[in-house]
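# Structure assessment
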Amino acid sequence: MVTTVEEHRAWEAQGSVDASSRTYTSVKTALDRSAELRRLQYEVFLQGSYANATNTRGDSDVDVVVMLTSTYMPETSRLSGGEQQKYASDRIPGTTSSVDFRSLVEQALRNYYDTGLVDPKNKCIKVKKRDGYVDADVVPAMQQRLFTRYPSLDGATYVEGISITPLQGARLVNYPKEQIKNGQAKNAQADGNYKATVRQVKRLRRKAVSLGLLGADVAPGYLLECLISNVPDELFVNNPSERLLKVMAYLQNFTSSGLHEAMWSADRIHKLFVSDPGGHSPYMAEHILNVLWDLL
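Residues numbered from 1 in each chain as written. Predicted model: local features only at pLDDT ≥ 70, side-chain atom pairs only at ≥ 80, totals over all residues. Heavy atoms only, no water.

Another aspect to go through is helix 9 (residues 240-256). Counted at 1.5 Å a residue, the expected span for helix 9 with its 17 residues is 24 Å, and the 24 Å between its end C-alpha atoms agrees. Tucked into the core, helix 9 has its buried residues touching helix 1 (5-10), helix 7 (194-210), helix 8 (221-229) and helix 10 (282-295). A distance of 3.1 Å separates the backbone nitrogen of Ser-241 from a side-chain oxygen at the start of helix 9, and that oxygen is part of Asn-239. Positioned one or two residues after helix 9, Gly-258 has a phi angle of 85°, which is positive. (Helix = DSSP H or I, 4+ residues; strand = E, 2+ residues; numbered from the N terminus. Expected span 1.5 Å × (residues − 1). Contact = heavy atoms within 4.5 Å. Polar contact = N/O pair within 3.5 Å; in protein donor to acceptor, adjacent residues only side chain to side chain.)

Structure below.
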């Protein structure tokens, strides 16, 4: 099976954002109406494909982060020994636990929606779709601060991430705002062709699934976006078919050459196959890329 030039061009298009926008607004309204949450400091924002403008028609849910900012989780490994000691002496214990915050978020959603629409999951609280809306994965999280300098409490600099405490399993740390920022910069450096290429590859992956060449739960969009973010800017040429071939050829050669440990996640904080919390396998990535390449 070989894909066509017409498909390559059509695959560039972004999916509709109307239903996702309505869903985000609805979830934010539900949270902001909670008197208990209003007593805290928190921020609501999108992450994932809709936030990164890499969504396609088949992206059926929207990821909404509810991040507590009045209490945060620190990461001081990048500080000097003296800075770490200074931070430890200045540190003030948090006032709200991740468990308590998740409970408040869930209650706010239950108070606003019909009970049958709210379904707690391990890492998120799902709000099921209804007419005109899509499923929402609402992610309660603590602000994560990856400190880069700590001369004083007021003079500290840090990279902001989110810390997720699932019902089961270890705590997860992601940097969705860094992914959004890096994606915007990459798209500008690639003459506006980076995000279109991510959408192309996601639709190519969907075709592979429809043909039974990949399982439905294989090759998540996040992994594909991370892989593509490592491709040199000059390969994102304007011709849709030529660009797709150049990008896929680079990725196939790179992963099969044993250099995968050098690949970054899209947040540029984690190494994709070393420290990314997704636990991605380079061997599975190589298999996925080989399957996709054979479809071109």
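Structure's up, so let's keep going.
Glancing now at the pairing of strand 5 (residues 135-149). Buried residues dominate strand 5, accounting for 13 of its 15 residues. Strand direction decides the pairing type here: strand 2 (residues 61-75) and strand 5, joined by twelve bridges, are parallel. Opposite Val-65, over in strand 5, you have Val-139 as the bridge partner. Where strand 4 (residues 125-127) and strand 5 come together, three bridges link them in antiparallel fashion. Across the sheet, Lys-126 pairs through a bridge with Asp-137, a residue of strand 5. (Buried < 20%, exposed > 50% of the residue type's maximum accessible area, 1.4 Å probe, protein only. Pairing = 2+ DSSP bridges.)

The next point concerns the pattern of salt bridges. In this structure the tally under the stated criterion is twelve salt bridges. A salt bridge links Lys-28 to Asp-32; the nearest nitrogen and oxygen atoms lie 2.7 Å apart. Placement of both Lys-28 and Asp-32 in helix 2 (residues 18-32) is noted, with a separation of four residues, approximately one turn of the helix. Under the relative-accessibility criterion, Lys-28 is labelled partly exposed at 30%. One salt bridge in this structure joins Lys-181 and Glu-178, with 3.2 Å as the shortest N-O distance. Remark: Glu-178 and Lys-181 occur in helix 6 (residues 176-189); sequence separation between them is three residues, near one turn of the helix. What makes Lys-181 partly exposed here is its relative accessible area of 47%. Residue class for Glu-178 comes out buried when judged on its relative accessible area of 16%. The network of salt bridges with common partners includes Glu-43, Glu-160 and Lys-177. (Salt bridge = Lys/Arg side-chain N within 4 Å of Asp/Glu carboxyl O.)

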